[in-house]
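Architecture at a glance
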Amino acid sequence: MSEKDANPSANETLIGGDLFGRWEQLRGREGTVVGLTAIIVAIFPWLFARAPFVSGFLQGYQSLATLILIWGIFAIGFDLLLGYTGLLSFGHAAFWGGAAYAAGIVAKNVSGDPIVMVLSGTLFAVLLAWGLGFLSLRRGGIYFSILTLAFAQMMYFMAASPLAFLTNGENGLTGVDVGNLFGVIHLEADIPSIGGMLLGTWLYAFVGLFFVGAVAVAYRILNSPYGMVFRAIRENEQRAEFVGLNVWRYKLMAFIISGAFAGLAGSLFTIHGAYVPLQSLFWTESGDIVVMTVLGGAGSMFGPVLGVGLYLYIENIVSTIQVLTIPFTDIVLIQDFGYYWHLLLGIVFVAVVWVVPDGLWGIIGRVRTFVSDRMGGDR
Amino acid sequence: MSILSDIFVILLNGLQQGAIYVLLAVGLSIILGTLKFVNFAHGALYLIGTYAGLFVALNVPLSNGKLYEWGLSSIGLDWGFFAALLLVPLLVFVVGLLMERFVARPFYDRPDTDQILVTFGLAIVVQELFRILFGSNSLPFDQPERILSFGSFAGIPVSGPVALPIVGNFPQWRLWVIGITAVLVALVYLLVEYTDFGLVVRAGTRDAEMVRLLGIKITRPYIVVFGIGAALAGVAGVVGGPLNVVNPTIGTNILVPAFLTVVIGGVGSIAGAVVGGIVFGLTTAALVSLAPAWSQVGLYAIAAIVLLTRPQGLLGDEEVAP
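Thresholds, definitions, all that
Positions within a chain are numbered from 1, following the residues in the order the chain's sequence is written. In the order they appear in the text, chains get letters beginning with A and ligands get numbers beginning with 1. In keeping with the model being predicted, local features are shown solely for residues with a pLDDT of at least 70 and side-chain atom pairs are shown and tallied solely at 80 or more, while totals for entire chains, interfaces and linings include all residues. Heavy atoms from the whole structure form the basis of all side-chain values; hydrogens and water molecules are not counted. The secondary structure listing takes helices from DSSP runs of H or I that are at least 4 residues long and strands from runs of E that are at least 2 residues long, numbered from the N terminus. Burial classes: relative accessible area under 20% of the type maximum marks a residue as buried, over 50% as exposed, and values in between as partly exposed (1.4 Å probe, protein chains only). Every residue pair with non-hydrogen atoms within 4.5 Å of one another is taken to be in contact. Calculation of accessible area relied on Shrake-Rupley with a 1.4 Å probe; when residues are assessed, cover is drawn exclusively from the protein chains displayed. A helix's residues, less one, multiplied by 1.5 Å, set its expected span. What gets called buried area is simply the loss in accessible area from a 1.4 Å probe that two parts show on being joined, summed for both. The salt bridge criterion pairs a side-chain nitrogen of Lys or Arg with a carboxyl oxygen of Asp or Glu, the two atoms within 4 Å. Under the convention adopted here, Pro, Cys and the residues Ala, Val, Leu, Ile, Met, Phe, Trp and Tyr are nonpolar, Asp, Glu, Lys and Arg are charged, and Gly plus all remaining residues are polar. Aromatic rings from Phe, Tyr and Trp, taking only the six-membered ring of Trp, are treated as a pair when their centres fall within 6.5 Å; an angle between ring planes under 30 degrees marks them as stacked, one over 60 as edge-to-face, and anything in between as tilted. For a ring to carry a charge above it, either NZ of a lysine or CZ of an arginine must fall within 6 Å of the ring centroid while also lying within 35 degrees of the normal to the ring plane. UniProt positions are given in the numbering used here, feature names are shortened, and annotations may be inferred rather than shown by experiment. Axis angles are defined between N-to-C directions and span 0 to 180 degrees, where every axis is a line fitted to C-alpha atoms and, for a helix, only to the segment in contact. Angular relationships are summarised with four words: roughly parallel below 35 degrees, roughly antiparallel beyond 145, roughly perpendicular across 65 to 115, and oblique for the angles in between. The handedness criterion is simple: a crossing whose near helix is rotated anticlockwise from the far helix by less than a right angle is left-handed, and one whose near helix is rotated clockwise is right-handed. Here a polar contact means two N or O atoms within 3.5 Å. Within protein one must be a hydrogen donor candidate and the other an acceptor candidate, and residues neighboring in sequence count only if both atoms are side-chain atoms. Nonpolar side chains (Val, Leu, Ile, Met, Phe, Trp, Tyr) are joined into patches within 5 Å and like charges within 9 Å, using only residues with over 30% relative accessible area and no salt bridge.

Another point: the overall build of chain A. A count of helical and extended segments in chain A gives 18 helices and two strands. When each of the 379 residues of chain A is scored for burial, the buried share is 52%. Taking the contacts inside chain A whose residues are at least 6 apart along the sequence as the reference set, 71% of them involve residues at least 24 apart. Of the roughly 17000 Å² of accessible surface on chain A, 67% is carried by carbon and sulfur atoms.

Before going further, it helps to spend a moment on the overall build of chain B. Counting its regular elements, chain B contains eleven helices and four strands. The buried share of chain B, reckoned over its 322 residues, is 54%. Considering only contacts within chain B whose residues lie at least 6 apart along the sequence, 74% involve residues at least 24 apart. Of the roughly 13600 Å² that chain B leaves accessible, carbon and sulfur atoms contribute 67%.

We now examine helix 6 (residues 172-194) of chain B. Here helix 6 of chain B is 23 residues long and its end C-alpha atoms lie 33 Å apart, about the 33 Å a rise of 1.5 Å per residue gives. For helix 6 of chain B, the set of buried residues is Gln172, Trp173, Val177, Ile178, Ile180, Thr181, Val185, Val188 and Val192 of chain B.

The interface is formed by 38 residues belonging to chain A together with 45 residues belonging to chain B. Here chain A meets chain B over a buried area of about 3800 Å², counting both sides, of which 79% is carbon and sulfur. On the surface where chain A and chain B come into contact, there are zero salt bridges. Secondary-structure elements contributing two or more residues to the side of chain A that touches chain B are helix 8 (141-160), helix 15 (283-296) and helix 17 (337-355) of chain A. The dominant element in the side of chain A that touches chain B, judged by the number of residues it contributes, is helix 8 of chain A, at 13 residues. For the side of chain A that touches chain B, the class distribution of residues is 28 nonpolar, eight polar and two charged.

Turning our attention to the packing of aromatic side chains. Using the criterion set out here, one finds 28 aromatic pairs over all chains in the structure. Relative to Phe74 of chain A, the ring of Trp71 of chain A lies with its centre 5.4 Å away and its plane at 35 degrees, an arrangement referred to as tilted. Taken together, the residues Trp71 of chain A and Phe74 of chain A, both in helix 5 (residues 62-85) and three residues apart, mark about one turn of the helix. Here the two residues Trp71 of chain A and Phe74 of chain A agree in accessibility, since each one is buried. Ring centres of Phe90 of chain A and Phe40 of chain B lie 5.1 Å apart, and the angle between their planes is 35 degrees; on these two criteria the pair is classed as tilted. Residue Phe90 of chain A is located in the loop between helix 5 and helix 6 (93-109), and its partner Phe40 of chain B is located in the loop between helix 1 (2-35) and helix 2 (42-57); the two belong to separate chains. For Phe90 of chain A, a relative accessible area of 0% translates into the label buried. Three or more aromatic residues joined by ring pairs form one cluster here, namely Phe90, Trp283 and Phe349 of chain A together with Phe40, Phe120 and Phe259 of chain B. The ring of Tyr250 of chain A carries the charged tip of Arg249 of chain A above its face, separated from the ring centre by 5.6 Å. Above the ring of Phe102 of chain B, the side-chain terminus of Arg101 of chain B is found at 5.4 Å from the ring centroid.

Quick look at the UniProt feature "transmembrane region" (unreviewed entry) in chain B now. All names here are of chain B. This chain's UniProt record puts "transmembrane region" (unreviewed entry) on residues 20-38, 45-62, 82-104, 147-168, 175-192, 222-246, 258-280 and 286-308. The span residues 175-192 is 100% helix and 0% strand, and its two end C-alpha atoms sit 26 Å from each other. Span residues 286-308 is 83% helix and 0% strand, its end C-alpha atoms 23 Å apart.

Turning to the environment of Ile364 of chain A, a few remarks are in order. For Ile364 of chain A, the position within the fold is in helix 18 (residues 359-376). For the pair Ile364 of chain A and Gly303 of chain A, spaced 61 residues apart in the sequence, the C-alpha separation amounts to 9.5 Å.

This part takes up the packing of helix 5 of chain A against helix 11 (residues 202-222) of chain A. All names here are of chain A. At their nearest, the axes of helix 5 and helix 11 sit 9 Å apart, and the two run at 15 degrees to each other. Relative to helix 11, helix 5 is oriented roughly parallel. The handedness of the crossing between helix 5 and helix 11 is left-handed. Here helix 5 contributes Gln62, Ala65, Thr66, Leu69, Ile70, Gly72, Ile73, Ile76, Leu80 and Tyr84 to the contact with helix 11, which in turn contributes Leu203, Tyr204, Val207, Gly208, Phe210, Phe211, Ala214, Val215, Ala218 and Leu222.

Attention now moves to the side chain of Asn247 of chain B. All names here are of chain B. Its place among the elements puts Asn247 in the loop between helix 8 (219-240) and helix 9 (250-265). Side-chain polar atoms of Asn247 contact the side chain of Thr249, separated by 2.6 Å. For Asn247, the residues in contact, after removing those within four places along its chain, are Leu47, Tyr51, Ser136, Asn137 and Ser138.

If you check the backbone angles, Ala274 of chain A has positive phi at about 55 degrees while not being a glycine. By the element assignment, Ala274 of chain A lies in the loop between helix 14 (247-273) and helix 15. Assessed through its relative accessible area of 28%, Ala274 of chain A is described here as partly exposed. Positive phi, normally seen in glycine, also occurs at Lys36 of chain B, with a value near 55 degrees. Note that Lys36 of chain B resides in the loop between helix 1 and helix 2. Classification of Lys36 of chain B by relative accessible area gives partly exposed; the value is 42%.

A word on a nonpolar patch on the surface. Residue and element names in this part refer to chain A. On the surface, Trp23, Leu26, Leu36, Ile39, Ile40, Ile43, Leu47, Phe53 and Val54 cluster together into a nonpolar patch covering about 820 Å² of accessible area. Going through the elements one at a time, helix 2 (19-27) and helix 3 (30-50) are the ones with two or more residues in the nonpolar patch. Ranked by the residues each element gives to the nonpolar patch, the list is headed by helix 3, at five residues. Tracing the backbone shows Leu26 in helix 2.

Applying the stated rule across the entire model yields eight salt bridges over all chains. Notably, a salt bridge pairs Glu237 of chain A with Lys251 of chain A, separated by 2.9 Å at the nearest N-O pair. Placement of Glu237 of chain A in helix 13 (residues 237-243) and of Lys251 of chain A in helix 14 is noted, with a sequence separation of 14 residues between them. Under the relative-accessibility criterion, Glu237 of chain A is labelled partly exposed at 35%. Lys251 of chain A gets classed as buried once you look at its relative accessible area, which sits at 6%. Here Glu193 of chain B makes a salt bridge to Arg202 of chain B, at a shortest N to O gap of 4.0 Å. Judged by relative accessible area, which is 31%, Glu193 of chain B ranks as partly exposed.

What follows is the structure, encoded as structure tokens:
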């Protein structure tokens, strides 16, 4: 089952039939990761929006579930750059918003086919990432962050004014007509029978497929020799250079790949909302993805997705809570809670950066190690 | 004649706009150059300066926000704007000292990205605090009418137009902004270039470890540098407040041009920050009157061109800047 595994002690536990050991073996494998992701994606909207009791407690809804997956794709791509290559871009709104506009403009002028929209948006983001990466990567460290920030702001102001004839300026790109998938499937419609109960709309299924695909691709990259180079660059760029690797080329490629993920997410965002706000290019959007990724845990595969879910959940649902009470009692903790949610999020963000740089996912990991130490004895 | 006066108006407006960038960039630059600390919360210091200036300087009738609810609808000092120019930098200086001690110092040994993240988070927190306290609407910050007025002494008028040769009538306050900036930047320059304090700071920029080995406590110069940088941001807030809108997002919005100024001028170089600020100010002013649609884009285009041709910045030193 795991012949190529070089760790003899792990093999022993497998032969010994220890359930925990078997799980440890399985969970690192690509098939398991992608399969589990697919299962979770499939039951997520049901749990979130339609399950008895649970979803009544969560107060989730279908559209938010779709949005979480879209931002999740964005976050996975962003983490390839920040968490694995160690480059902090403050300009990913350029790819997200740029692709959203590209997809929207193509839909308005050429074809509203969702696949065409996704392809054109992603292609635009890739080309843009190539150009901006080429410029920004000329400087490292903080200069890279500032440059990406600057170029993204340039895109924002371009869309706001000189290119307003294309982008509709301040009002955002309205009236995007998203066509039917393969000419027959209306994305907003519910899937019939059991699929509809679990997944809800065709749009969710469409986005979900891309999400599972994104996880598979990111996992493939990160666990290949190519992805190992990214990590090497994060750990010590100079040493990677001396080993003989062309660091510049790898960094540019990491930037382009993460730009492609952001572009895919941005195009899906246009399909989801049929509208592109000018705000989607503003640098606060880049800030949001940074906050989400770091909160969840940069440098892990699913931490950023957890961060996305948490952020969007707080932004859309928790922020509507007016009075925060201790659960099941009437004792008021915070009055006007919704008004303060952004402040609380900022404080939590600072605390996370300060105390647990590997984010909430890191905390979960530590708890897991603690529990398995207790349960597994000498492991 | 009219073309000539147009050119001069653009020049003066550019210098005024650039002055705000210069004040912010000099502060950022000395913090970045000396302490190697990336302060994404510099805009938050500008924000604090603006609001503090607003409340010290003028009899501002507030119509919304928490302060109004608390009954503080107007705080005015008879000294007017001069009081703000003295008190606000002191306040922000103290804020800077606290920031160095409690935020920056624990992060000196951590990666750049962690410094950016924590100060970015701090900027969000400050911005949200101000939004909760004062509401998110833009507040009126009128240009000061006179400074140094006290009791029966009428003071020096600083508002309204002033007749200049060639240009004609020009808003007087803008000239004051240029003047105040020039004096302050000159003072900082003299401090860094011609005093023992400056010598230690400059040595620390080159090699902090060596300075420590020579038996000099570099912690105190560091904290003072941070305070000075913060105070300059505070001054920028006070003098720039009346020229722009005042709302909680100004801090984050000014951060990008301020950082670009530093990078374009060359990190750690005060002269570079001045040159960068003036270049940006003039560009913005020229584009506003010639091609308004492109006025914001021009800034970033210039930044891109400079970085392609001179990655270390206009007056930057290749050895110091990584």
